Amino acid sequence: MTSTKSEDLALQYAQLIQQEDDYVSQLVTCNKLILDAMDIIAKQAGVLEMDTVKQAAYHLHAMEQDLNRKLFEVRLEKSILANQMSQST
């Protein structure tokens, strides 16, 4: 049995929703790690090797930016797909 165009669009939309949820969850975790890292730095900066600490913090920040970009791309695709779905009904 072949699927209709609207069924295909609905499936794609559901997959994008799952991707969006995954990225949001990853961002929450990443933000928590960043806050925890900043707390550790504030409390233990004197006993930590600062170049390594800064490098680790920058990596977390880069990861956060990458996740935000991916989330934006998914949301953009979702918006385009929502428009296609509204036109196909």
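One can find the structure itself at the top, above this paragraph.
Quick caveat, the model's predicted, so the values are computed rather than measured.

1. A short note on the packing of helix α1 (residues 5–44) against helix α2 (residues 50–88)
Next, step 1: Interaxial distance between α1 and α2 falls to 8 Å at its minimum, and their mutual angle equals 160°. The orientation of α1 relative to α2 falls into the category roughly antiparallel. Here the hand of the crossing between α1 and α2 comes out left-handed.
Next, step 2: Partitioned by chemical class, the residues of the contact of α1 with α2 number 22 nonpolar, 9 polar and 6 charged.

2. Examining α2
Next, step 1: The end-to-end C-alpha distance of α2 is 57 Å, a good match for the 57 Å that 39 residues give at a rise of 1.5 Å each.
Next, step 2: For α2, the set of buried residues is V53, A57, L60, E64, L67, L71, V74, K78 and L81.
Next, step 3: Structurally, α2 contributes buried residues whose contacts are with α1.

The rules behind each value
- Residues numbered from 1 in each chain as written.
- Predicted model: local features only at pLDDT ≥ 70, side-chain atom pairs only at ≥ 80, totals over all residues.
- Heavy atoms only, no water.
- Axes fitted to C-alpha atoms, helices over the stretch in contact; angles between N-to-C directions.
- Helix = DSSP H or I, 4+ residues; strand = E, 2+ residues; numbered from the N terminus.
- Parallel < 35°, antiparallel > 145°, perpendicular 65-115°, else oblique.
- Left-handed = near helix turned anticlockwise from the far one by under 90°.
- Nonpolar A, V, L, I, M, F, W, Y, C, P; charged D, E, K, R; others polar.
- Expected span 1.5 Å × (residues − 1).
- Buried < 20%, exposed > 50% of the residue type's maximum accessible area, 1.4 Å probe, protein only.
- Contact = heavy atoms within 4.5 Å.

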